[in-house]
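# Chain and residue survey
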Amino acid sequence: MSVMNLRRYIFLFFLSAVSIALVGQNSTASPYSRFGYGELNDNVPVQYRSMGGVGAGMRSRQVINPSQPASYSAVDTTSFMMDIGASFTWSNYRDYSGSKNKINGNLEYLTMQFPIWKYIGMSIGVMPYTSVGYDLKDSISDVPHPYITDFSGKGGFSQVYGGLSFNILNWVAVGANVYYMFGKIENLRDLSFVESGFTSVSQDATMKISDVRFRYGLQFFHTFKDKHYLVLGGTFENKSKLNGKYTQIETVSADTVVPNLSEGYELPMFVSAGASYCFDNRLTIALDYQLTDWKNAKYEGETGYFRSRNRYALGIEYRHNPMSKKYAELMPFRVGVCMSDSYIKSMPTKDWTVSIGFGFPLRNVSTVINTTVEYIHRGNKNTLEENALKLTISAGINEYWFFKRKL
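I will try to describe carefully the structure that is included in this document. Everything numeric here is computed off the predicted structure, so don't read it as measured data.

Rules used throughout
Residues numbered from 1 in each chain as written. Predicted model: local features only at pLDDT ≥ 70, side-chain atom pairs only at ≥ 80, totals over all residues. Heavy atoms only, no water. 1 Å grid on protein atoms, 1.4 Å probe; cavity = no way out; pocket = protein on both sides within 12 Å on 5 of 7 lines; lining within 4 Å. Points joined across faces, edges and corners; volume = space filled by probe spheres on them. Nonpolar A, V, L, I, M, F, W, Y, C, P; charged D, E, K, R; others polar. Salt bridge = Lys/Arg side-chain N within 4 Å of Asp/Glu carboxyl O. Helix = DSSP H or I, 4+ residues; strand = E, 2+ residues; numbered from the N terminus. Buried < 20%, exposed > 50% of the residue type's maximum accessible area, 1.4 Å probe, protein only. Core = buried A, V, L, I, M, F, W, Y, C linked by side-chain atoms within 4.5 Å. Contact = heavy atoms within 4.5 Å. Pairing = 2+ DSSP bridges. Phe/Tyr/Trp six-rings, centres within 6.5 Å; stacked < 30°, edge-to-face > 60°. Lys NZ or Arg CZ within 6 Å of the ring centre and 35° of its normal. Polar contact = N/O pair within 3.5 Å; in protein donor to acceptor, adjacent residues only side chain to side chain.

Applying the stated criterion to the full structure yields five cavities of 30 Å³ or more. One number sums up the size of the largest cavity: a volume of about 790 Å³. Lining the largest cavity are 41 residues; nearest its centre among them are Glu39, Leu40, Asp42, Ile376 and Arg378. In terms of residue class, the lining of the largest cavity is built from twelve nonpolar, 17 polar and twelve charged. Computed from the structure, the second largest cavity encloses a volume of approximately 250 Å³.

Have a look at this one:
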């Protein structure tokens, strides 16, 4: 890669990072994002979203996998990689009062990966941690004094990460990510009465954070008889305090409350385990499990607001012949399924996702366009049912770094 191209990619990285930080926080229209810190992001690349969102046991020279920091050491010693993703979502929401459709789109993530030395890889990137975006109205008329409530919210938490990985032996890799988290969530609540003579009530609650957290990864990998490749992996994050400020303004009492977030808000312990098996670089089967211990994380000074989140994923990737000259035989085809719990105790839903994806290698350049379509279902009509179709597209660039071409 020439110095000019390297500067171009670095400029693109910071430009996209700013864009994701500014507009990436409103990547949802789900009413479920009203609770807690909003809608969670699992931070896996498009290729693995197509496979149900697996990550802990995935290790590849062609894919940047920020969910598993131990995977970075798989990078080719002459390669520079960059991946940028964007999504478009159509959602339908139903409850006892009717249904509503929403469409939104956003930049999803930007990641880069490159070698530091032989068997040592590094990755940096920016992506959302949570997203908030909702607008709900409810009219109550079967009371002596009818009233209307209006709930709205926006924002989210973003994270910039840097990770390093290295091989201890020819079959063991360890790695770690450090995340700088930042962002703001704003929740508004208005109560107005239909009858005159009653005072309206409004509440504006804003949470701003600026914090650092860590994730650690471990992978075991081995090739059997040149065609069978097995990877076992796991990741861990310790529970940590969430630093920042929380401001709540009530219009009726004109009170403003500004407590320190670190006194009553925490991020949970996280652990994951996964495995993948690849045959002849053609067929890959992967399993993944995650446990996020939200149950024991404080929110507003107390535990019990959340519940622990279990997440299970299964994915398959197939390409007919990676050495073929026929385009269709080079394309990877991916399918997956995922089941996870809502982390909000008051909305104990099971979330189901079914996904399918394709890779489109571009001829004469080391770029692959990856796509995935996810069908997402959560809740039921008795409370709140959400059905969504999400299309995510990414461009994965893989170029030689400091490779001197012959004239």
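Below, the discussion takes up the pattern of salt bridges. Under the definition given, this model contains 15 salt bridges. Here arginine 311 makes a salt bridge to aspartate 42, at a shortest N to O gap of 3.1 Å. A residue pair is termed long-range when its members are at least 10 positions apart, and arginine 311 in strand β15 (residues 309–318) and aspartate 42 in the loop between β1 (39–40) and α2 (46–49) qualify at 269 residues. Linking arginine 213 and glutamate 237 is a salt bridge whose minimum nitrogen-to-oxygen distance equals 2.9 Å. Note that arginine 213 is positioned in strand β7 (residues 201–224) and glutamate 237 in strand β8 (residues 228–237), a separation of 24 residues in sequence. Residue classification places arginine 213 among the buried residues on the basis of a relative accessible area of 6%. Overall, glutamate 237 belongs to the buried group, its relative accessible area being 5%. The network of salt bridges with common partners includes Glu39, Asp351, Arg378 and Glu386.

What follows deals with the nonpolar core. Grouped together as the largest cluster of nonpolar side chains are 36 residues, with contacts concentrated most on Tyr37, Phe157, Met207, Leu242, Tyr265, Trp294 and Phe306. Mapped by element, the contributors of at least two residues to this core are β2 (79–95), β4 (120–140), β5 (147–169), β6 (172–193) and β7. Examining the composition of this core, we find that four residues originate from one element, β4, more than from any other. Residues within four places of phenylalanine 306 in sequence aside, it is in contact with Gly36, Tyr37, Trp294, Lys295, Ala297, Tyr299, Tyr343, Ile344 and Lys345.

Right, let's talk about the pairing of strand β13 (residues 270–279) for a bit. The side chains of a regular strand alternate, residue by residue, between the two faces of the sheet. By the alternation rule, side chains of β13 split into Phe270, Ser272, Gly274, Ser276 and Cys278, which are all buried, and Val271, Ala273, Ala275, Tyr277 and Phe279, of which none is buried. Here β8 pairs with β13 via ten bridges, running antiparallel. Within the sheet, the bridge partner assigned to glutamate 237 lies in β13 and is phenylalanine 270. Sheet topology places β13 next to strand β14 (residues 283–292); ten bridges connect them, and they run antiparallel. Each bridged residue has a counterpart across the sheet, and for phenylalanine 270 the counterpart in β14 is threonine 292. The turn linking β13 back onto β14 is made up of three residues, and aspartate 280 within it adopts a positive phi angle of 60 degrees.

Now for unusual backbone geometry. The backbone phi angle of asparagine 43 is positive, close to 60 degrees, even though this residue is not glycine. If you check the backbone angles, aspartate 226 has positive phi at about 70 degrees while not being a glycine. Positionally, aspartate 226 belongs in the loop between β7 and β8.

With that out of the way, let us pick up the layout of surface pockets. Considering only enclosed or pocket space, the second largest pocket measures out at about 740 Å³ in volume. Taken together, 26 residues make up the lining of the second largest pocket; nearest its centre are Pro31, Asp95, Leu136, Lys137 and Leu384. Residue assignment for the lining of the second largest pocket shows that the elements contributing at least two residues are β2, β3 (98–117), β4 and β5. Grouping the constituent residues of the lining of the second largest pocket by class yields eleven nonpolar, seven polar and eight charged.

Let's shift gears to the packing of aromatic side chains. Under the criterion given, the structure shown has 18 aromatic pairs. Taken together, a centroid distance of 4.5 Å and an interplanar angle of 25 degrees make the contact between tyrosine 299 and tyrosine 305 stacked. Take tyrosine 299: its relative accessible area is 11%, and that puts it in the buried class. Aromatic pair phenylalanine 333 and phenylalanine 358: ring centres 5.5 Å apart, planes at 90 degrees, arrangement edge-to-face. You can see phenylalanine 333 sitting in strand β16 (residues 333–341) and its partner phenylalanine 358 sitting in strand β17 (residues 350–361), a full 25 residues away along the chain. Since its relative accessible area comes to 34%, phenylalanine 333 is described here as partly exposed. One aromatic cluster is present, built from ring pairs that chain together Tyr37, Phe157, Tyr246, Tyr265, Trp294, Tyr299, Tyr305, Phe306 and Tyr343. The ring centre of phenylalanine 221 lies 4.1 Å from the NZ or CZ of arginine 59, which sits over that ring. Here the basic side chain of arginine 213 rests over the ring of tyrosine 179, its NZ or CZ set 4.0 Å away from the ring centre.

To continue, consider the side chain of serine 71. Here serine 71 lies in the loop between α2 and β2. Serine 71 gets classed as buried once you look at its relative accessible area, which sits at 3%. Among the polar contacts made by the side chain of serine 71, one reaches the main-chain carbonyl oxygen of glutamine 68 at a distance of 2.7 Å. With sequence-adjacent residues up to four places away left out, serine 71 is seen in contact with Met58, Arg59, Asn65, Ser165 and Gln219.

That's the geometry; what it means functionally is another story.
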